[in-house]
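Here is what each chain is made of, one letter per residue.
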Amino acid sequence: MRRDLHTAAANAALGFGLGLRTDHYEAILNGPTADDACAEWPIDWLEILSENYMVGGGKPLHYLDRIAERYPMVMHGVSLSIGSTDPLDRAYLIQLKALAERVQPRFISDHFCWTGVAGRNLHDLLPLPHTDEAVRHIARRVREVQDFLGRQILLENISSYLSFKHSALPEWEFIRAVAEEADCGLLLDVNNIYVNSCNHGFDPQTFIDAIPVERVQQIHLAGHSHNGKLVIDTHDHPVPDPVWALYAIAVQRFGTVPTMIERDDHIPLLPELLAELAHARGIATTIKHAEVEASA
Ligand SMILES: [Fe+2]
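For the structure given in this document, a descriptive report is provided here. (Residues numbered from 1 in each chain as written. Predicted model: local features only at pLDDT ≥ 70, side-chain atom pairs only at ≥ 80, totals over all residues.)

Some details on the nonpolar core
Okay, step 1: Counting 71 residues, the largest nonpolar core has L186, V190, L221 and A250 as the members making the most contacts within it.
Okay, step 2: For V190, the contacting residues outside a window of four places in its chain are I219, H220, L221, V243, L246, Y247 and A250. (Core = buried A, V, L, I, M, F, W, Y, C linked by C-beta atoms within 7 Å. Buried ≥ 20, exposed ≤ 12 C-beta atoms within 10 Å, placed from the backbone. Contact = placed C-beta atoms within 7 Å.)

Structure (structure tokens):
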């Protein structure tokens, strides 16, 4: 129990990370060049997309092993399909557990979504009906996954572009209900909250205020696009101002939770992402100092 408390405290103090992308393997291993502004990369931890490393060998695992020797790692998956009515995929869970044993990640996460049904994978993170029945269904499956892995998992709020007519709960109440019934952690994607607030018409602060503080163990920051009608979670732009503003609100509520920049397309050189990471760190530090001064 004492060791668990130590682990939880260490994880909460992880700091500021990046999603590990193949474009940056060498830069992360080699460190800054003479042209770079800083003497060392200010990266506290790295998140991998789990499925990219569920392979028998080769370049991804070669780099992963070397990078994991130097940085704390976090595993983030897209194939758990926790909301599906198909049985949980045992073969996938066995691979996930094996990868976790190899990487020793601080967190293992997936999404509040379903990705397929009747044995077909649709390769997208699809929204769930926000009903009491879905809460019970998903919470039962999360407990099953956690029992199999022998550890708690985190689930992330997704961006969505449609909703179910029979949803009876707002998204934030649905997330809170699943987290509490399953006793899982939450990965809060601040960009996804912003995207959904635009697409579904709600106040994003209402979402943040409803999420239990003690459940939030990791934060994602990302950019998005507009297609004229909807805000699309494309992860191909820098974090925009409204998402930074919402991040400040999140830090005020949740404290300095381990936070990372998530860029999946139009991936820039590492220093550009590090500048965004420094901005996140600056927001969190400013808020922390202000709170200390206010309490003095
Ligand atoms: Fe995310």
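Topic: the sheet that holds strand β8 (residues 185–189)
Okay, step 1: Strand order in the closed barrel formed by eight strands is β1-β2-β3-β4-β7-β8-β9-β12, with parallel pairing between adjacent strands. Within the sheet, the average angular offset between the axes of one strand and its neighbour, ignoring direction, is 25°.
Okay, step 2: Of the pairings in the sheet, the one linking β8 to strand β9 (residues 216–221) comprises four bridges and is parallel in character. Note that in β9 the partner of L188 across the bridge is I219. (Pairing = 2+ DSSP bridges. Helix = DSSP H or I, 4+ residues; strand = E, 2+ residues; numbered from the N terminus. Axes fitted to C-alpha atoms, helices over the stretch in contact; angles between N-to-C directions.)

Things to note about unusual backbone geometry
Okay, step 1: Unusually for a residue other than glycine, H123 sits at a positive phi of about 55°.
Okay, step 2: Within the secondary structure layout, H123 lies in strand β6 (residues 120–126).
Okay, step 3: Of note in the backbone geometry, H266 takes a positive phi value of approximately 50° without being a glycine.
Okay, step 4: Here H266 shows up in the loop between β12 (259–261) and α10 (270–295).

What about the pairing of strand β5 (residues 114–117)?
Okay, step 1: The pairing of β5 with β6 spans three bridges and is classified as antiparallel. Note that in β6 the partner of G116 across the bridge is N121.
Okay, step 2: In textbook terms, the turn of a hairpin is the stretch between consecutive antiparallel strands, and for β5 and β6 this stretch comprises two residues, one of which, A118, has a positive phi near 55°.

Description of the pairing of strand β3 (residues 73–76)
Okay, step 1: Burial along β3 is two-sided: the face carrying M73 and M75 and the face carrying V74 and H76 are both buried.
Okay, step 2: Here strand β2 (residues 45–49) runs beside β3; their pairing, made up of four bridges, is parallel. Paired with E47 across the bridge in β3 is V74.
Okay, step 3: The parallel pair β2 and β3, bridged by helix α3 (residues 59–68), forms a crossover whose chirality is right-handed.
Okay, step 4: Pairing of β3 with strand β4 (residues 108–111), which is carried by two bridges, proceeds in the parallel orientation. The residue of β4 that forms the bridge with M75 is I108.
Okay, step 5: Crossover connection from β3 via helix α4 (residues 90–103) to parallel β4: handedness right-handed. (Right-handed = clockwise from strand over helix to strand, strands pointing away.)

The values reported here are purely geometric and, on their own, carry no functional implication.
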